[in-house]
Amino acid sequence: MSDTQNLKRRLAIVYLKEYFEANKHLPVTTNNLLDYLSFKDVFIERKTLIESIKALKVYGMDIQVEKGRKASYFYQGMKQEENDNV
């Protein structure tokens, strides 16, 4: 893997944050997220995507998951407790 590809993979979480913020309160599927990343020329596995979403939750993003045949993610905003500390 080239250095550029490696750096782009590291930026995946930033791109995911941007995508969730642009699609606030809308259902987003795993395929939507992977397609967006591929548009940005970033290719990650589903497992890495799930770990990135978990990291965004730890960061303070309120991302709800609706499990089912096709999981959907809903970004509701930043968690309230994080906003109080600002």
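Source: prediction; values computed, not measured. (Residues numbered from 1 in each chain as written. Predicted model: local features only at pLDDT ≥ 70, side-chain atom pairs only at ≥ 80, totals over all residues. Heavy atoms only, no water.)

Trainee: Which residues make up the pattern of salt bridges, and what values do they have?
Mentor: Taken as a whole and judged by the stated rule, the model has 3 salt bridges. Ionic pairing is found between E21 and K17, a salt bridge with its closest N-O pair at 2.7 Å. Of this pair, E21 and K17 both sit in helix α2 (residues 12-22), 4 residues apart, which is roughly one turn of that helix. Note on K17: relative accessible area 23%, which makes it partly exposed. Between K54 and E51 there is a salt bridge, with the nearest N and O atoms lying 3.6 Å from each other. Residue K54 and its partner E51 are both found in helix α4 (residues 46-59); the two are separated by 3 residues, about one turn of the helix. (Salt bridge = Lys/Arg side-chain N within 4 Å of Asp/Glu carboxyl O. Helix = DSSP H or I, 4+ residues; strand = E, 2+ residues; numbered from the N terminus. Buried < 20%, exposed > 50% of the residue type's maximum accessible area, 1.4 Å probe, protein only.)

Trainee: Residue-level account of the pairing of strand β2 (residues 61-66), with values.
Mentor: Pairing of β2 with strand β3 (residues 72-78) involves 6 bridges; the strand directions are antiparallel. Residue pairing for β3: E66 is matched across the bridge by S72. Linking β2 to β3, which pair antiparallel, is a turn of 5 residues. (Pairing = 2+ DSSP bridges.)

Trainee: Run through the packing of α2 against helix α3 (residues 30-39), naming residues and quoting values.
Mentor: Think of two packed helices as two axes; the pair is described by the angle between the axes and how far apart they sit. Where α2 meets α3, the closest approach of the two axes is 10 Å, and the angle between their N-to-C directions is 120°. Between α2 and α3, the interaxial angle falls into the category oblique. Crossing geometry of α2 relative to α3 is assigned as right-handed. Residue-level inspection shows A12, Y15, L16, E18, Y19 and F20 of α2 in contact with α3, the latter providing N32, L33, Y36 and L37. Per-class residue counts for the contact of α2 with α3 are 8 nonpolar, 1 polar and 1 charged. (Axes fitted to C-alpha atoms, helices over the stretch in contact; angles between N-to-C directions. Parallel < 35°, antiparallel > 145°, perpendicular 65-115°, else oblique. Left-handed = near helix turned anticlockwise from the far one by under 90°. Contact = heavy atoms within 4.5 Å. Nonpolar A, V, L, I, M, F, W, Y, C, P; charged D, E, K, R; others polar.)

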